[in-house]
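Given next are the chains, with one letter for each unit.
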Amino acid sequence: MSPYKAEYIWIDGTEPTNKLRSKTKVIPNGEEPPVWGFDGSSTNQAPGSNSDCVLSPVYVCPDPIRGGDNKLVLCEVLLPDMTPHASNTRAACVAAAEKYADQEAIFGIEQEYTFFDGTKPLGWPDNGFPAPQGGYYCGVGSDEIFGREIVEAHSDACIEAGLAISGTNAEVMPGQWEFQIGPVPPPQVADEIWIARWLLYRLAEDWDVSATLDPKPVKGDWNGAGAHTNFSTRAMRESYEPCVQAAEALGAAHELHIHQYGDGIDRRLTGQHETAHWSQFSYGVSDRGASVRIPWQVARDQKGYIEDRRPNANMDPYTVTRLIVETCCGALAQSAAPAAAQAVPAS
Ligand code: ADP
Ligand code: MN
Ligand code: MN
Ligand code: MN
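The shown structure was predicted, so the numbers you read here are calculated from the model rather than taken from an experiment. (Residues numbered from 1 in each chain as written. Chains lettered and ligands numbered in written order. Predicted model: local features only at pLDDT ≥ 70, side-chain atom pairs only at ≥ 80, totals over all residues. Heavy atoms only, no water.)

Concerning helix 2 (residues 148–161)
- Between its terminal C-alpha atoms helix 2 stretches 20 Å, which fits the 20 Å expected from 14 residues at 1.5 Å a residue.
- Of all the residues in helix 2, the buried ones are Ile150, Val151, His154, Ser155, Ala157, Cys158 and Ala161. Each buried residue of helix 2 lies within a common arc of 160° when the element is viewed along its axis, so the set occupies one face. In this structure, helix 2 carries Ile159 and Glu160 as exposed residues pointing more than 90 degrees from its buried face.
- Against strand 4 (52–62), strand 6 (106–117), strand 8 (165–170), strand 9 (176–184) and helix 3 (188–205) lie the buried residues of helix 2.
- Phi turns positive, to about 85°, at Gly162, one or two residues after helix 2. (Helix = DSSP H or I, 4+ residues; strand = E, 2+ residues; numbered from the N terminus. Expected span 1.5 Å × (residues − 1). Buried < 20%, exposed > 50% of the residue type's maximum accessible area, 1.4 Å probe, protein only. Arc of directions from axis to C-beta. Contact = heavy atoms within 4.5 Å.)

This is how it looks when you write it as structure tokens:
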């Protein structure tokens, strides 16, 4: 039997926003993808004099582009002593997820992005601007929609790879789109976002189109690109009070979170275009101008999840999900402890 191709995908050390890298390893049929390595001096992850970095597989799935027995192999980056590299944000995400595993946290992430044709958004005129925003969101028709064939190929690829993609839609700015991954637990949701991003970039190559996660790809009266992060614990899925407590906890930790929600967050969170200003925290039912939204169905059903609308499209999902788990699960663990103690009758 012939060998298969494994595409090793990893996150590099580019600042301020890490980039995806990948290379191919040909592996004998029947063998699992082994630990591998790369030249960290070419990815801002090591000095040339001591350049070896380790690729340790964390998520392996079928390669929907090459098909057959070929695989995609998402890796975390380790130092040669097998400890996490400074650029490896997954390790801390795993630690937080394990610490609060009993709360059964799950996330659904809405990844927005923008297609570019050279230096302009896909479908935009060579000179000037398209008609103002209003008809493009969830639109239909060749005067409003640009790149749908790529979006279809991408969602098919995510499904074939076994990712938990839950939907796609055209966004408010023409050429801008969204896909959602989840709800699944951390770090899986973040692993799948990174693989889905890689598939998007790779598939768009075939149309000579690039996809960008720039949080504000066009200045002015055009929507930015975010990564709304929907979150719940088992307690939140069972009753309303923990949903409110989680939103309050996010408010108390606003400063800590906002600076780790993606580079250029002040360009996107201006207080306009369905955003709350980056310097202020707010939450509310159905409020798309709030930092955190409690969906109306959640208020009606008195249970469910909350939506953190602050993360930029270019955020690191390992970092964002770690922060939310630490802040919200930390607060919910504290509020659960005294309640349990009170339930014990005094002897
Ligand atoms: P919006 O109305 O904000 O555009 P979307 O439908 O795009 O909402 O995304 C909602 C996301 O919330 C989906 O990814 C979905 O999987 C996720 N979600 C639904 N229920 C939960 C839950 N209980 N916990 C976490 N995420 C959830
Ligand atoms: Mn959405
Ligand atoms: Mn959206
Ligand atoms: Mn949303």
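Regarding the site of ligand 1
- Around ligand 1, the structure places 15 residues, and the nearest of them are Glu178, Pro183, Ser232, Arg293 and Glu307.
- In the environment of ligand 1, a nitrogen atom lies 3.5 Å from a nitrogen or oxygen atom belonging to the backbone of Gly108.
- In this structure, Gly182 approaches ligand 1 through a main-chain N or O atom, which is 3.3 Å from an oxygen atom.
- Every element with two or more residues in the shell around ligand 1 is listed here: strand 6, strand 9 and strand 11 (229–232).
- Across the shell around ligand 1, the residue classes break down as four nonpolar, six polar and five charged. (Near = heavy atom within 4 Å. Polar contact = N/O pair within 3.5 Å; in protein donor to acceptor, adjacent residues only side chain to side chain. Nonpolar A, V, L, I, M, F, W, Y, C, P; charged D, E, K, R; others polar.)

Quick word on the side chain of Glu7
- With respect to the helices and strands, Glu7 occurs in strand 1 (residues 4–11).
- One polar contact links Glu7 to Ser22, side chain to side chain, over a distance of 2.7 Å.
- With residues near it in sequence (within four places) discarded, Glu7 still touches Ser22, Lys23, Thr24, Arg66, Lys71, Leu72, Val73 and Trp198.

Some details on the pattern of salt bridges
- Counting across every chain of the model gives 15 salt bridges.
- The partner of Arg202 in a salt bridge is Glu205, and the shortest N-O contact between them spans 3.5 Å. You can see Arg202 and its partner Glu205 sitting in helix 3, three residues apart, about one turn around the helix.
- In the salt-bridge network here, residues are joined through shared partners; they are Glu104, Arg234 and Glu238. (Salt bridge = Lys/Arg side-chain N within 4 Å of Asp/Glu carboxyl O.)

Examining the packing of aromatic side chains
- Tallied over the full model, the rule gives eight aromatic pairs.
- Relative to Trp36, the ring of Tyr8 lies with its centre 4.9 Å away and its plane at 70°, an arrangement referred to as edge-to-face. Taken together, the residues span a long stretch of sequence, with Tyr8 in strand 1 and Trp36 in strand 3 (residues 36–39) at a distance of 28 residues.
- Residue classification places Tyr8 among the buried residues on the basis of a relative accessible area of 0%.
- A centroid spacing of 6.0 Å and a plane angle of 45° characterise the contact between Tyr113 and Phe179, whose relative ring orientation is tilted. Within this pair, whereas Tyr113 is found in strand 6, its partner Phe179 is found in strand 9, the two being separated by 66 residues in sequence.
- For Tyr113, a relative accessible area of 1% puts it in the buried group.
- The structure contains a cluster of three or more aromatic residues connected by ring pairs, namely Tyr113, Phe115 and Phe179.
- The side chain of Lys71 reaches across the aromatic face of Tyr4, ending 4.4 Å from its centre.
- Residue placement shows Arg197 over the ring face of Trp194; its charged tip is 4.6 Å from the ring centre. (Phe/Tyr/Trp six-rings, centres within 6.5 Å; stacked < 30°, edge-to-face > 60°. Lys NZ or Arg CZ within 6 Å of the ring centre and 35° of its normal.)

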